[in-house]
Amino acid sequence: MADDAASFVWYELLTTDAAGASTFYGSVLGWRTRDVSTAELSYNLFISGDVPRSGLMELPEEGRRRGAMPRWVGYVGVGDIDATATRIRELGGAVYVPPTSTNIGRIAIVADPQRATFGLVSDLKIAAPVVADLDAPSRVGWHELLAADWRKAFAFYVDVFGWQQAEAEVASAEPYQLFAAGGRMAGGIFNKRPLEPIPFWLYYFNVDDIDAAMARVNSGGGRVYEGPLELPDGSWIVRCLDPQGATFALQGARSEDGIAKAGPAEYRWTTSWDGISSKGRWRSDPPTGKRRTPRK
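Residues numbered from 1 in each chain as written. Predicted model: local features only at pLDDT ≥ 70, side-chain atom pairs only at ≥ 80, totals over all residues. Heavy atoms only, no water.

Some remarks on the side chain of Q177
Counted only if it meets this: Helix and strand assignments come from DSSP, with helices taken as H or I runs of at least 4 residues and strands as E runs of at least 2, each series counted from the N terminus. Summary of the burial criterion: residues with accessible area below 20% of their type's maximum are buried, those above 50% are exposed, and those between are partly exposed, where the area comes from a 1.4 Å probe applied to protein chains only. Counted as a polar contact is a pair of N or O atoms within 3.5 Å, where, for protein atoms, one must be capable of donating a hydrogen and the other of accepting one, and residues adjacent in sequence contribute only when both atoms are in side chains.
Turning to its location among the elements, Q177 is positioned in strand β11 (residues 174-181). Classification of Q177 as buried rests on a relative accessible area of 1%. Looking at Q177, its side chain comes within polar contact range of the main-chain oxygen of A166, at 2.6 Å.

Below is the structure:
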């Protein structure tokens with residue numbers, strides 16, 4: 001039951017401090033917020049220009065009681081959300097929130113068989129950024145799945161969404177499988193590293209200058225835990241935690257002055273997803289995304 005048009009169409013930050021997150025991402029990405037709450041649900045939009053980029057809401061109390069941590073959720077747009085949720089269950093995935101009508105459309109929160117979570121949405125009520133606009137400033141321009149087994153994960157998403165295989169790249173002897181969604185190159189899938197406790201989706205936001213964006217992350221109370229790393233096309237990436245602990249990434253250009261002033265990149269992992277905080281230095285450059293073998 002592949003949905004050949006399925007692609008990521010919406011993103012949502014679930015956090016323990018919506019006001020603090022609004023200030024942080026406003027500084028880092030230039031977003032402002034717009035309150036679109038209803039009597040049933042408190043909800044804000046992150047806006048850049050006049051374009052909604054993502055949603056913002058407090059992590060539900062029930063989720064907190066069950067140990068859920070702040071996180072970004074990407075929603076894949078589908079035509080038949082009930083059939084898609086059923087197929088996910090049939091393939092060994094999970095449906096944490098069954099298809100439900102909300103203020104943004106009919107949504108479900110699901111997980112693949114390796115328990116990487118994401119969302120489904122049908123009849124999206126928000127004029128979300130078009131898929132072809134992946135290079136626009138401050139929007140998600142790349143989607144990366146850190147899987148337990150990338151081959152099995154890729155087969156799952158092909159079955160459910162009809163995503164297409166692109167050429168595989170190799171970095172540090174580990175495959176990095178590029179995929180197209182909705183007819184557009186959209187991301188990559190690779191095996192997570194041992195220090196990353198669970199499989200998860202990571203979303204890369206476009207910025208004009210990586211060094212300036214890193215400075216805004218740090219001054220806003222966030223943390224750059226990996227990078228900057230240079231990609232073969234000359235762009236740079238960093239992976240970050242926001243002040244509440246949600247993981248996100250940035251990609252963009254870097255000036256020669258910024259490169260000259262920077263020291264060697266360090267790779268650190270800090271997480272509280274499972275109540276454990278750890279740090280480590282990678283022995284080699286990790287596989288990264290978007291046409292995406294880092295330069296050494």
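Focus on the confidence of the model for the chain
To keep it simple, the criterion reads: Think of pLDDT as the predictor's per-residue confidence, scored from 0 to 100. Any pair of residues with heavy atoms lying within 4.5 Å of one another is described as a contacting pair.
Chain-level pLDDT for the chain is 84 on average; 82% of the residues reach the 70-or-more range. Per-residue pLDDT, averaged within each element of the chain, yields its smallest value for strand β17 (residues 266-267) (49) and its largest for helix α3 (residues 81-90) (98). Of the regions scoring below 50 in pLDDT, residues 267-291 engages in 81 contacts with residues more than four places distant in sequence or in other chains.

Side note on the nonpolar core
Definition in use: We call a set of buried residues a nonpolar core when its members are Ala, Val, Leu, Ile, Met, Phe, Trp, Tyr or Cys and they connect through side-chain atoms within 4.5 Å of each other.
Counting 55 residues, the largest nonpolar core has W72 and L250 as the members making the most contacts within it. Per-element tally for this core: the top contributor is helix α4 (residues 150-161), with seven residues. The next biggest cluster of nonpolar side chains, apart from the first, holds 14 residues, and it includes Y43, M57, I109 and V121.

Brief notes about the pattern of salt bridges
In plain terms, the rule: The salt bridge criterion pairs a side-chain nitrogen of Lys or Arg with a carboxyl oxygen of Asp or Glu, the two atoms within 4 Å.
Using the criterion set out here, one finds 11 salt bridges in the structure. When the shortest N-O distance is used, the salt bridge between E90 and R87 registers 3.1 Å. Pair noted here: E90 and R87 are both in helix α3, with a separation of three residues, about one helical turn. A salt bridge links R239 to E144; the shortest N-O distance between them is 2.8 Å. One end of the pair, R239, is in strand β15 (residues 236-241); the other, E144, is in strand β9 (residues 140-147), and 95 residues separate them in sequence. Judged by relative accessible area, which is 2%, R239 ranks as buried. Through salt bridges that share partners, E144, R193, E196, E226 and R239 make up one connected network.

Things to note about the sheet that holds strand β6 (residues 94-101)
Selection criterion: Note on pairing: two strands pair once DSSP finds at least 2 bridges between them. Every angle, taken between N-to-C directions, lies between 0 and 180 degrees, and every axis is a line fitted to C-alpha atoms, over only the stretch in contact when it is a helix.
Here eight strands make up an open sheet; going across it, the order is β2-β3-β4-β1-β5-β8-β7-β6 and the pairing mixed. Only two strands of the sheet have a single partner each, and these edge strands are β2 (32-35) and β6. Sheet twist, expressed as the average angle between the axes of neighbouring strands with direction ignored, equals 30 degrees. Here four bridges tie strand β1 (residues 7-15) to strand β4 (residues 51-58), and the two strands are oriented parallel to one another. Each bridged residue has a counterpart across the sheet, and for T15 the counterpart in β4 is E58. Its contacts with the sheet place α3 against β6, β7 (106-111) and β8 (117-122), and it is angled at close to 155 degrees to β8.

Focus: the environment of Y96
Relative to the helices and strands, Y96 is located in strand β6. Residue class for Y96 comes out partly exposed when judged on its relative accessible area of 47%. Remark: the alpha-carbon pair of Y96 and V110, spanning 14 residues in sequence, is separated by 5.4 Å. Excluding its chain neighbours within four sequence positions, the residues that come into contact with Y96 are I109, V110, A111, R115 and T117.

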